[in-house]
Amino acid sequence: MTQNDTLKSAITILGEIVAFDTTSRESNLELIAHIQSYLHNLGIDSRITHDSTGTKANLWATIGPDIPGGVVLSGHLDVVPVDGQDWSQHPFTMWQQDGKLLGRGVVDMKGFVAMALAMVPQMLKSDLKIPIHLAFSYDEEIGCIGVRGLIADVVKNLPMPRAVIVGEPTSMKIIGGHKGSRSLRSTVQGVPAHSSDPRLGANSIMAAARLVTYLENLQQELISRAESNCPFDPPYTTIDLGLINGGTAGNITPEFTTVDWGMRIIPTDDGEAIEHQVRNFIDEHITPGLKKVSPDAGVTTELTNTVTPLVPDSSSAAEQLIRHLTGLNDSSVVSFGTEAGLFQSAGIPAVVFGPGSINQAHQPDEFIEISQLQECITFLYKLTAWAEQDNPQETLL
Ligand SMILES: [Zn+2]
């Protein structure tokens, strides 16, 4: 098998898996079954972990010996919605044009998944001394949900890998760090009244506005704390404030207002502490005024999601491995979250490294350049050859 054959096979596989609509709100079980049967035909067993509803699953598979110290190729199977986007062709039927492949998920990130799958025959032909694992997850796009169950299963039940490559699109550059995030929803319950006598009510929009102003001031405070050597851009924790819903009519004092807010946290900041600071402001400066009107009024704040930051570590096993195989000698950081932070926090060193550009992710007419796939296949051949040597880990010392 030549690299060119593997590339052709990867393109075929990519077309097949793009055709499964695995928008995060949909089940991914048909795609899981498709991958499982592909691997089964090559003699590889899949390990499946489901979500609590049983409609979504992660897949884990091992090529090579069943021992610790393997390398994980990790990707998510879900894609973002195409709703409201202007596609020039059907988004779930991949097409090819001007050296590119187009379709929903080709770059984010079924392209990487397809290449990992297309490599399996080559991996099987090689006498791998350490295992290469495939880790495919669900619901990454809505907060890195699925991979948590997969990681828990690995840590509890399987030989620990040495490194994880999360193949999100980085144009084949090493991303060694990313911000974390916390998403929250504050629901303000006021007291409805006719707007002709606001004294009888408690206005939830006005109360929510105080939270909004506080968040705006907090952003300024976080900016002022920025350190000049922070590698992130922007070099501080940022506040998300994306959605407000409240009120029913212009002449009714509004009873309910919800505010969806959150933050994208640099690894040196403590997101939980910042969250507590906001909660304290709410408790001390917003809730008492509402309670004065009615004991039922008040503010509840729930944490709806967190993404763990990837702390940059240029000496980690994951980064050393990629540097060794590619000759790249620098890494950078990004502001978007990935599954890499969760692997790292579970004790498995991780980097983000994959084909295609993040600029094409989530866009209509999403594409990946075939030259990027080619580059990724070359890398995966090097990885396989490396894993075939005696004591490959010693080459990294
Ligand atoms: Zn992605």
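These numbers come from a predicted model, not from an experiment.

A. Main features of the domain arrangement of the protein chain. In terms of domain boundaries, the protein chain breaks down into domain 1 (3-178 + 309-396) and domain 2 (180-307). Taken together, the ten residues of domain 1 in the interface contact ten residues of domain 2.

B. Seen up close, the environment of I358. Structurally, the position occupied by I358 is in the loop between β16 (350-352) and β17 (367-369). Residue I358 is classed as partly exposed on the basis of its 17 C-beta neighbours within 10 Å. Separated by 183 residues in the primary sequence, I358 and I175 place their C-alpha atoms 12 Å from one another.

C. Focus on the packing of helix α1 (residues 3-18) against helix α3 (residues 106-125). The contact between α1 and α3 brings their axes to 8 Å, and the two run at 130 degrees. Relative to α3, the element α1 lies oblique. In this structure, α1 meets α3 at a crossing whose hand is right-handed. Across the interface between the two elements, T6, S9, A10, I13, L14, I17 and V18 from α1 touch V106, K110, G111, V113, A114, M115, L117, A118, M119 and Q122 from α3.

D. Region of interest: the sheet that holds strand β5 (residues 100-102). Taken in spatial order, the three strands line up as β4-β5-β17 in an open sheet, and their pairing is antiparallel. If you trace the sheet from one side to the other, it starts and ends with β4 (95-97) and β17, each paired once. Adjacent strand axes in the sheet meet at a mean angle of 25 degrees, parallel and antiparallel pairs treated alike. Taken together, the three bridges between β4 and β5 define a ladder with antiparallel strand orientation. Note that in β5 the partner of Q97 across the bridge is K100. On the sheet, helix α9 (residues 370-388) packs against β5 and β17 and is oriented at approximately 60 degrees with respect to β17.

E. Broad picture of the sheet that holds strand β13 (residues 256-265). Spatially, the four strands line up as an open sheet ordered β11-β13-β9-β14, and their pairing is antiparallel. Unpaired on one side and paired on the other, β11 (238-246) and β14 (298-307) mark the two borders of the sheet. Sheet twist, expressed as the mean angle between neighbouring strand axes with direction ignored, is 15 degrees. Here strand β9 (residues 180-189) runs beside β13; their pairing, made up of ten bridges, is antiparallel. Each bridged residue has a counterpart across the sheet, and for S183 the counterpart in β13 is G262. Contacts between helix α5 (residues 204-224) and the sheet are confined to β9, β11 and β13, with β11 contributing the most and set at about 170 degrees to the helix. Sitting on the sheet, helix α6 (residues 271-293) is in contact with β9, β13 and β14, with an inclination near 165 degrees to β14.

F. Representation of the nonpolar core in the model. Membership of the largest hydrophobic core comes to 81 residues, with the highest contact counts inside it found for M115, V164, I165 and V351. No other element matches α3, which puts 13 residues into this core. Looking at which domains feed residues into this core, each of domain 1 (3-178 + 309-396) and domain 2 (180-307) gives three or more. Once you skip the residues sitting within four places of it in the chain, V164 turns out to touch V72, S74, A318, A340, F343, I348 and A350. Core analysis: the second largest hydrophobic core is formed by eleven residues, V259, I286, L290 and V299 among them.

G. Structural context of the pairing of β13. Counted residue by residue, β13 has seven buried out of ten residues, so it is predominantly covered. Inspection of the sheet shows β11 paired to β13 by eight bridges, in the antiparallel sense. Considered in β13, the bridge of N245 is made with T258.

What counts, and at which threshold
Numbering of residues starts from 1 in each chain and follows the order in which that chain's sequence is written. Under the rules for a predicted model, residues below a pLDDT of 70 receive no local features and side-chain atom pairs below 80 are neither given nor counted, while totals for whole chains, interfaces and linings still include all residues. These domain boundaries are the output of an automatic or database domain assignment. Contact definition: two residues whose C-beta atoms, as placed from backbone geometry, lie within 7 Å. Strands are runs of DSSP state E lasting at least 2 residues, helices are runs of H or I lasting at least 4, and numbering of each runs from the N terminus. Residues with at least 20 other C-beta atoms within 10 Å of their own are called buried, those with 12 or fewer are called exposed, and the rest are partly exposed. The C-beta atoms themselves are positioned from the backbone. Angles here are taken between N-to-C directions and fall from 0 to 180 degrees, while the axes themselves are lines fitted to C-alpha atoms, restricted in helices to the stretch in contact. Each angle gets one of four labels, with under 35 degrees taken as roughly parallel, over 145 as roughly antiparallel, 65 to 115 as roughly perpendicular, and the rest as oblique. For a crossing to be left-handed, the near helix must be turned anticlockwise from the far one by less than a right angle; the clockwise case is right-handed. At least two DSSP bridges between two strands are needed for those strands to be called paired. The term nonpolar core means buried Ala, Val, Leu, Ile, Met, Phe, Trp, Tyr and Cys residues held together as one set by C-beta atoms within 7 Å.

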